[in-house]
Amino acid sequence: MSTTSTSETTHGSVRTRPALPRSRGPISTAVLTRFHGGALPTVDVAVADPWGDDLQLALYLCYELHYRGFADVDDDLEWDPALLALRGELERSFCAAARSVVAGGDDLDGEIAGLLVASDGEGGTSHFLRERGTVEHFREYIALRSVYHLKEADPQAWVIPRLEGAAKAGLVTVEHDEYGAGRGDRMHAGLFADMMRELGLSDAYGEFLDVAPAEVLAEVNLMSLFGLHRSLRGALVGQFAVVELTSSPGSQRLVDAARRLECGPATEHFYAEHVEADAVHEQLVRHGVIAPLVASDPAMAADVVFGIQAAVALDERLGRHVLGAWTQGRSALFGG
C-alpha cells in the first residue's frame, strides 16, 4: 500500500492530476485507448457483468472526466461524443442492475424510518474495526474510502441546479458544511487527507483507484450517475439521505476504533466531526430537502425511495466484500 507522497501539498494547493489506472477488461481498455488519443474500439456492453470490475472501472473513468480528469488526458474528452455514447450504454446497464436489487415503491416515510433505526449490524465493518481490527485493516479501509472521500460532497453538488426553492436551499446548507463552511482547512475532503497522511498513506487524489475493487467503484459511480442526470435528481437526494441519516453511529464506532488503535488526533477528528455534523444534517435533509422536494412534486417520492434503497444495497455489497476478505485473512484491495 502506498505511503505518504512528498509531492502532495495540503488544503487548496494545486495537486497533480491522477495517473491512469490499469485496464481490467475490454471495456476499460477501450476507454483508456480513447484517453490515449486513439479511436474508441467497439465493445459489447450487453455481455459485461454490470457489477464487474471492467464495467465499473470504465464507467468511473468516464465520470472522472467531469471531476478532475487524469494526467495527460485531454480535458475536451469530457464531451467526446463516442465516450458519451459508450457511457450511456454503461449507465443503462448499471442502472438496470441497481433497480434489480431493490424493492422499489413510494413508501418514503417507511424508508426514512428504517434508516433512522438501521445499523450495520454486529458483523458490520465499523464493528469489526472497533472490536478487533488492526491498524493495517484501518489503513486499508481508509484507502478504499479515499476514492470517494477525497472528493466528498462533489457528486451531490451536481444536483443543486436541478432543485428549486426550499429543497435547493436546504441541500446547499448541508453542502456548505461539507465544504468547511467557507474555510478551506475545514473541508471534509481536506480533513480526510489529513487523516491519510497521519496513517502513513498518500493523500494524492486518485492514488488508490488502481486497487479499488468494483464494489468501491460502484458506490461512487452510483452518486455520479444520479447527480449527472436530471431525471435521477430524486434518487440523488435519497442517496444523500442515506449518508446523512446513518453515518453518525458508524462514525462513532470508528472514533472508538481509532482510539483503541492509537491512530492519532487527525484520524479521531475526521470521524468525530461526522458524528456531530451528520446528527445536524439528518434534520436538515429530512425537513429541509426531502420534505419540500416531495411536497412540490409528490411523484419524487418513488425516486427518493429508489436512491435510498440502491445506496443501502451497494453499501451492504461493499461491506460483504471487505469483511469477506478480512475474515479470510486477505486484503480487500483489488488484486489483494
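Right above here is the structure, for reference.
Throughout what follows, the structure given in this document is the object of discussion. (Residues numbered from 1 in each chain as written. Predicted model: local features only at pLDDT ≥ 70, side-chain atom pairs only at ≥ 80, totals over all residues. Heavy atoms only, no water.)

## A closer look at the packing of aromatic side chains
Item 1. On inspection of all chains with the given rule, the structure shows seven aromatic pairs.
Item 2. Both rings, one in tyrosine 67 and one in tryptophan 158, keep their centres 5.8 Å apart while their planes meet at 70°; by these two values the pair is edge-to-face. Of this pair, tyrosine 67 sits in the loop between helix H2 (53-64) and helix H3 (81-100) while tryptophan 158 sits in the loop between helix H7 (154-157) and helix H8 (165-178), and the two are 91 residues apart along the sequence.
Item 3. Ring centres of phenylalanine 192 and phenylalanine 270 lie 5.1 Å apart, and the angle between their planes is 80°; on these two criteria the pair is classed as edge-to-face. Here phenylalanine 270 lies in helix H12 (residues 265-296) and phenylalanine 192 lies in helix H9 (residues 188-198), a separation of 78 residues in the sequence. (Phe/Tyr/Trp six-rings, centres within 6.5 Å; stacked < 30°, edge-to-face > 60°. Helix = DSSP H or I, 4+ residues; strand = E, 2+ residues; numbered from the N terminus.)

## Some details on the environment of methionine 187
Item 1. Looking at where methionine 187 falls in the secondary structure, it is placed in the loop between H8 and H9.
Item 2. When the C-alpha atoms of methionine 187 and aspartate 177 are compared, they prove to be 7.8 Å apart, with 10 residues separating the residues in sequence.
Item 3. Apart from residues no more than four positions distant in its own chain, methionine 187 is found in contact with Glu178, Tyr179 and Gly180. (Contact = heavy atoms within 4.5 Å.)

## Considering the pattern of salt bridges
Item 1. A complete count under the given rule lists 16 salt bridges for this structure.
Item 2. Two residues, aspartate 80 and arginine 34, come together in a salt bridge whose shortest N-O distance is 2.9 Å. With a gap of 46 residues between them, aspartate 80 in the loop between H2 and H3 and arginine 34 in helix H1 (residues 26-35) connect regions that are remote in the sequence. Taken as a pair, aspartate 80 and arginine 34 share a single burial class, namely buried.
Item 3. A salt bridge links arginine 145 to aspartate 315; the nearest nitrogen and oxygen atoms lie 3.6 Å apart. Taken together, the positions of arginine 145 in helix H6 (residues 135-149) and aspartate 315 in helix H13 (residues 300-327) put the pair 170 residues apart, joining distant regions of the chain.
Item 4. A relative accessible area of 21% means that arginine 145 is categorised as partly exposed.
Item 5. Taking relative accessible area as the criterion, aspartate 315 reaches 34% and is therefore assigned partly exposed. (Salt bridge = Lys/Arg side-chain N within 4 Å of Asp/Glu carboxyl O. Buried < 20%, exposed > 50% of the residue type's maximum accessible area, 1.4 Å probe, protein only.)

## What about the nonpolar core?
Item 1. Within the largest apolar cluster, 106 residues are counted, with the highest numbers of intra-cluster contacts made by Phe35, Phe138, Ile142 and Tyr271.
Item 2. Looking at this core element by element, the count peaks at 15 residues for H13.
Item 3. Residues contacting tyrosine 271, with those up to four places away along its chain left out, are Phe138, Tyr141, Ile142, Phe192, Met195, Ser251, Leu254 and Val255. (Core = buried A, V, L, I, M, F, W, Y, C linked by side-chain atoms within 4.5 Å.)

## Regarding H1
Item 1. Burial of H1 is extensive: seven of the 10 residues sit out of reach of the surface.
Item 2. Among the structural elements, H2 and H3 are those in contact with the buried residues of H1.
Item 3. Glycine 37 sits one or two residues past H1 and shows a positive phi near 105°.

## A few points about the side chain of glutamate 244
Item 1. Locating glutamate 244 in the fold gives a position in helix H11 (residues 233-260).
Item 2. With no salt bridge to any partner, buried glutamate 244 finds its closest opposite charge in arginine 286, at an N-O distance of 12 Å. (Lys, Arg positive; Asp, Glu negative; His and termini not counted.)

## Here's the deal with the environment of threonine 173
Item 1. Counting through the fold element by element, threonine 173 comes out in helix H8.
Item 2. Since its relative accessible area comes to 38%, threonine 173 is described here as partly exposed.
Item 3. C-alpha of threonine 173 to C-alpha of valine 289: the two residues are 116 residues apart in sequence and 9.7 Å apart in space.

## A short note on H9
Item 1. For H9, the tally of buried residues reaches eight of 11 residues, placing the bulk of the element in the interior.
Item 2. Those residues of H9 not exposed but buried are His188, Ala189, Gly190, Leu191, Phe192, Ala193, Met195 and Met196.
Item 3. Residue glycine 200 follows H9 closely and has a positive phi angle near 80°.

## A word on the state of the cysteines
Item 1. Evaluation of the coordinates by the stated rule reveals zero disulfides.
Item 2. Looking at cysteine 62, it has no disulfide partner, and the nearest cysteine sulfur is the one in cysteine 95, 16 Å off. (Disulfide = S-S within 2.5 Å.)

## Some words on the environment of leucine 284
Item 1. With respect to the element layout, leucine 284 can be found in helix H12.
Item 2. With a relative accessible area of 27%, leucine 284 lands in the partly exposed category.

## Regarding the packing of H11 against H13
Item 1. Contact geometry of H11 with H13 gives a least axis separation of 6 Å together with a crossing angle of 45°. Relative to H13, the element H11 is oriented oblique. The two elements H11 and H13 meet at a crossing, and its hand is right-handed. For the pair H11 and H13, the contacting residues are Arg233, Gly234, Ala235, Gly238, Gln239 and Val242 in the first and Met300, Asp303, Val304, Phe306, Gly307, Ile308, Ala311 and Val312 in the second.
Item 2. Looking at side-chain class alone, the contact of H11 with H13 contains eight nonpolar, four polar and two charged residues. (Axes fitted to C-alpha atoms, helices over the stretch in contact; angles between N-to-C directions. Parallel < 35°, antiparallel > 145°, perpendicular 65-115°, else oblique. Left-handed = near helix turned anticlockwise from the far one by under 90°. Nonpolar A, V, L, I, M, F, W, Y, C, P; charged D, E, K, R; others polar.)

## Regarding the packing of H6 against H9
Item 1. Remark: H6 packs on H9, axes separated minimally by 11 Å, with the N-to-C direction vectors making an angle of 155°. Taken together, the axis directions place H6 and H9 in an arrangement best described as roughly antiparallel. Where H6 crosses over H9, the two elements pack in a sense that is left-handed. Contacts from Ile142, Arg145, Ser146 and His149 of H6 reach H9 at Ala189, Phe192, Met195 and Met196.
Item 2. The residue makeup of the contact of H6 with H9, split by class, is five nonpolar, two polar and one charged.

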